[in-house]
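# Architecture at a glance
What follows is each chain in one-letter form.
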Amino acid sequence: MDERTPLLKRPSNSHSQVRNSRLYLAVTAAVLGNFIFGYSMVYPSAVLPQLQKPDVDPRLRMNKSQTALFGSIFTLGAAAGGLGAMVLNDLIGRKLSIMSSAVPSSVGFMLLVGASDRWMLHLGRFLTGIAGGITAASIPVYISEISHKRVRGTLGSCPQITAVLGALVLYALGLVLPWRWLALAGEVPVLLMVVLLMFMPSSPRRLLSLHKDQEAERALCWLRGDRYDTDEELHSIKESISTQTRVTLAQLLTPTFYKPILISVGMRFLQQMTGITPILVYLEPIFAQSQVSLEAKYDAVIVGVVRLFSVILAAFLMDKAGRKALLYTSSMLMFLALLTLTVTSHNPCPTNGTAPVDHHGTLLTSVGADQQTGTGSSVPIISTVVFIFGYAMGWGPITWLLMSEVLPLAARGVASGICVAVSWLTAFCLTQAFTYLVSAYGLVVPYFAFTVVCVLCLLFNAVCIPETRGRTLEEIEDYFRRSGGSEGGP
């Protein structure tokens, strides 16, 4: 007995007693919110072609400005939801914040199901955007706080993977379901998420911050297994909480704080300026516009599959190849793909000298079957697949990861809210502008602009972004503290 007791108290041995099966269940329940986010965001891709058919209710048919609003208003809601999550996370905790997203999400989907006028479609999109903003800001924090350090990196990639999976499911269901049924299907993961999260524990860190030590110990014991010694981890969390202080304005003006914040904001801005959101939101109509060799809705599914594969691949390579190497590769692939799309879009199929708009003045037209199949080129679909693959290999998941790594802990709440707001407001403006640019000039102008942004992504990665692979959060923070972060990568 005397020999066994010390061994059980050793930190290394306590780690060996971790059983993560319940942790995986909790993460699965949480990331259903990201699944809903991905599903909701690309909803217009499958819906707009159906709403532009000749037999559609005139009260639902959209002109150019209405199409732009329908596609972009989700991102405006996401910005509002992300900012709201800053308050909710501190007020009711991470788990309840995620569960609260079910209210706007469920109401939004029901509005889309029963829409009898355009305002119901727009309001439904805005509400699902609010839900998406809440989950996008709350779920990564919840996962990081409940995860054991050995699996935190792997589980940290789950939100991005499930969001991509949600988009793929939307594309696939769009092959067989009408648009109202697509909205009704969105209610299923919402209900499942709420039911599962009811049985999951709150974050131990949240409970300790409320001085609920016994509940925190029970939650940690549930997450790690009954044979795990929780004392060391609970003590570490308490120390971390006790050292947190409010950040003053004077501190924010020091390089230790403003440089990582500017890097994070710059990455989120450039991430959206690559055009990923409007391309994903209008994917099916863009393919119809480009007159690809396959029917547009099937091309969208192919892109969804490639996107899912590349995100999973990036999760495996992130800690092996390094963040900067993947960002360089991502930027180059996106640059080459968008340059190809720019060149091919410069000489579109004959349109009698007019911009590619239909008789309603909308961005994306419902072309006939002869235009959608068999008569087009495979270059647009291949180039788009390469673009999506490149984005999902680097600038998609790594931007989120680096934001959580470089932001100083003391200012992380406010700084992450700023990053989320910048990201989704940029996406809103860009998705709106994309519609008008295509209507006026065709796809060539936005594709060219996105190509230029990819060059800026290369330069920003070379000059501003530090390599964080294999570094602790403390080492990364110390890098920005040393001489204002000007001594090279950590």
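Within each chain, residues carry numbers counting from 1 in the order of the written sequence. Confidence filtering applies because this is a predicted model: local features only for residues at pLDDT of at least 70, side-chain atom pairs given and counted only at 80 or more, and all residues used for totals across whole chains, interfaces and linings. Side-chain metrics rest on all non-hydrogen atoms present in the structure, leaving aside hydrogens and water.

### Remarks on the overall build of the chain
Applied cut-off: Comment: elements are numbered from the N terminus, with helices defined as DSSP H or I runs of at least four residues and strands as E runs of at least two. To sort residues, take the accessible area from a 1.4 Å probe on protein chains only and compare it with the maximum for the residue type: under 20% means buried, over 50% means exposed, and anything in between is partly exposed. What makes two residues a contact is simply this: any of their non-hydrogen atoms within 4.5 Å. Per-residue and other accessible areas were derived by the Shrake-Rupley procedure at a 1.4 Å probe size, with only the shown protein chains allowed to occlude residues.
When helices and strands are tallied, the chain shows 27 helices and zero strands. Put simply, the chain has 490 residues, and 53% of those count as buried. Pairs at least 24 apart in sequence give 85% of the contacts found in the chain among residues at least 6 apart. Here the chain has roughly 21,000 Å² of accessible surface; of this, 65% comes from carbon and sulfur atoms.

### Structural notes on a nonpolar patch on the surface
Test applied: Candidate patch residues must exceed 30% relative accessible area and have no salt bridge, after which like charges are joined if within 9 Å and Val, Leu, Ile, Met, Phe, Trp or Tyr side chains if within 5 Å. Throughout this description, the term salt bridge denotes a Lys or Arg side-chain nitrogen within 4 Å of a carboxyl oxygen of Asp or Glu.
A surface patch of nonpolar side chains, about 440 Å² in accessible area, is lined by Phe-448, Val-452, Val-455, Leu-456 and Leu-459. Relative to the helices and strands, Val-452 is located in helix α26 (residues 444-463). Looking at Val-452, the relative accessible area reads 38%, which means it is partly exposed.

### Here's the deal with the confidence of the model for the chain
As a reminder of what qualifies: pLDDT is a per-residue confidence score from the predictor, ranging from 0 to 100.
Averaged over all residues, the pLDDT of the chain is 81; the fraction at 70 or higher stands at 84%. Segment residues 1-16: pLDDT under 50, and 13 contacts once partners within four positions in sequence are set aside and those in other chains are kept.

### A word on the packing of helix α21 (residues 323-346) against helix α24 (residues 397-406)
What counts, and what does not: A fitted line through C-alpha atoms serves as each axis, taken over the contacting stretch for helices, and the angle formed by two N-to-C directions is quoted from 0 to 180°. By definition, turning the near helix anticlockwise from the far helix through less than a right angle yields a left-handed crossing, and turning it clockwise yields a right-handed one. Residues are sorted three ways: Asp, Glu, Lys and Arg are charged, Ala, Val, Leu, Ile, Met, Phe, Trp, Tyr, Cys and Pro are nonpolar, and all the rest, Gly among them, are polar.
Put simply, α21 and α24 touch, their axes get as near as 11 Å, and they point 150° apart. Crossing handedness for the pair α21 and α24: left-handed. When α21 is examined against α24, the residues Arg-323, Leu-326 and Leu-327 are found in contact with a partner set consisting of Ile-398, Leu-401, Leu-402 and Glu-405. Its residues assigned to classes, the contact of α21 with α24 shows five nonpolar, no polar and two charged.

### What to know about the pattern of salt bridges
Evaluated as defined, the whole model comprises four salt bridges. For Asp-57, the salt bridge goes to Arg-59, with nearest N and O atoms at 2.9 Å. Relative accessible area serves as the criterion here: at 26%, Asp-57 is assigned to the partly exposed category. Overall, the relative accessible area of 47% leaves Arg-59 in the partly exposed class. Put simply, Arg-94 and Glu-145 hold a salt bridge, and the shortest N to O gap is 2.9 Å. Of this pair, Arg-94 sits in helix α6 (residues 94-100) while Glu-145 sits in helix α8 (residues 118-146), placing them 51 residues apart in sequence. On the basis of relative accessible area, Arg-94 is assigned to the buried category, the value being 15%.

### Quick look at the packing of helix α3 (residues 21-41) against helix α10 (residues 158-173)
Using the following cut-off: Throughout this description, any angle smaller than 35 degrees is read as roughly parallel, any larger than 145 degrees as roughly antiparallel, any in the 65 to 115 degree range as roughly perpendicular, and the remainder as oblique.
For the pair α3 and α10, interaxial distance at closest approach is 7 Å and the crossing angle is 50°. The angle between the axes of α3 and α10 places the two elements in the oblique class. Seen along the crossing, α3 lies across α10 with a hand that is right-handed. Side by side, α3 and α10 meet where Val-27, Val-31, Asn-34, Phe-35, Phe-37, Gly-38 and Tyr-39 of the first sit next to Cys-158, Pro-159, Thr-162, Ala-163, Leu-165, Gly-166, Ala-167, Val-169, Leu-170 and Leu-173 of the second.

### Some details on the nonpolar core
Here is the rule: Put simply, a nonpolar core is a bunch of buried Ala, Val, Leu, Ile, Met, Phe, Trp, Tyr and Cys residues held in one set by side-chain atoms that sit within 4.5 Å of each other.
Counting 111 residues, the largest nonpolar core has Tyr-43, Leu-121, Tyr-171 and Trp-395 as the members making the most contacts within it. When residues in this core are grouped by element, the largest group, 11 residues, is from α3. Once residues within four sequence positions are removed from consideration, Tyr-171 is found in contact with Val-42, Ser-45, Leu-280, Leu-283, Ala-300, Val-301 and Gly-304. Grouped together as the second largest cluster of nonpolar side chains are seven residues, Ala-216, Ala-219, Leu-234 and Ile-237 included.

### Here we look at the packing of aromatic side chains
Keep this limit in mind: Stacked, tilted and edge-to-face pairs are distinguished by plane angle, under 30 degrees for stacked and over 60 for edge-to-face with tilted covering the rest, among Phe, Tyr and Trp rings (Trp via its six-membered ring) whose centres lie within 6.5 Å. In this analysis the charged atom, NZ for Lys or CZ for Arg, is taken to sit over a ring once it is within 6 Å of the ring centre and within 35 degrees of the ring normal.
Applying the stated criterion across every chain, the model contains eight aromatic pairs. With centroids separated by 6.0 Å and ring planes inclined at 10°, the aromatic side chains of Tyr-282 and Phe-434 adopt a geometry described as stacked. With a gap of 152 residues between them, Tyr-282 in the loop between α18 (276-281) and α19 (283-290) and Phe-434 in helix α25 (residues 412-441) connect regions that are remote in the sequence. No difference in accessibility class separates Tyr-282 from Phe-434, as the two residues are buried. Ring-pair connections join several aromatic residues into one group, and the members of that group are Phe-35, Tyr-39 and Phe-109. In this arrangement the basic side chain of Arg-125 is found over the ring face of Phe-70, its NZ or CZ atom lying 5.6 Å from the centre.

### Observations concerning the environment of Cys-464
Summarising the element assignment, Cys-464 is placed in the loop between α26 and α27 (473-481). It is 9.7 Å that separates the C-alpha atoms of Cys-464 and Met-267, two residues lying 197 residues apart in sequence.

### Some thoughts on the side chain of Ser-72
Mapping Ser-72 onto the fold places it in helix α5 (residues 64-91). Since its relative accessible area comes to 0%, Ser-72 is described here as buried. Apart from residues lying up to four places away in sequence, Ser-72 is in contact with Tyr-282, Phe-428, Thr-431 and Gln-432.

### Looking at the environment of Phe-460
When you line up the elements, Phe-460 lands in helix α26. By relative accessible area, Phe-460 is classed as buried at 16%. As a C-alpha pair, Phe-460 and Ile-263 span 197 residues in sequence and 8.9 Å in three-dimensional space. In this view, Phe-460 contacts Ile-263, Gly-266, Met-267, Leu-270, Trp-395 and Ile-465; residues no more than four positions away in its chain are not counted.

### A short note on unusual backbone geometry
The phi torsion at His-211 lies on the positive side, around 65°, for a residue other than glycine. With respect to the helices, strands and loops of the structure, His-211 is situated in the loop between α13 (204-209) and α14 (213-224). Look at His-211 and you get exposed, because its relative accessible area is 70%.

### Topic: α8
Quick note on the threshold: To estimate the expected span of a helix, count its residues, drop one, and scale the result by 1.5 Å.
Between its first and last C-alpha atoms α8 spans 42 Å; for 29 residues at 1.5 Å apiece the expected length is 42 Å, and the two agree. Where burial is concerned, most of α8 is hidden: 22 out of the 29 residues are buried.

### A short note on helix α12 (residues 187-197)
Along α12, the residues classified as buried are Glu-187, Pro-189, Val-190, Met-193 and Leu-197. Contacts from the buried residues of α12 go to α3, α6, α7 (102-113) and α11 (179-185).

### Points about the side chain of Ser-203
Its location among the elements puts Ser-203 in the loop between α12 and α13. Residue Ser-203 is classed as buried on the basis of its relative accessible area of 2%.

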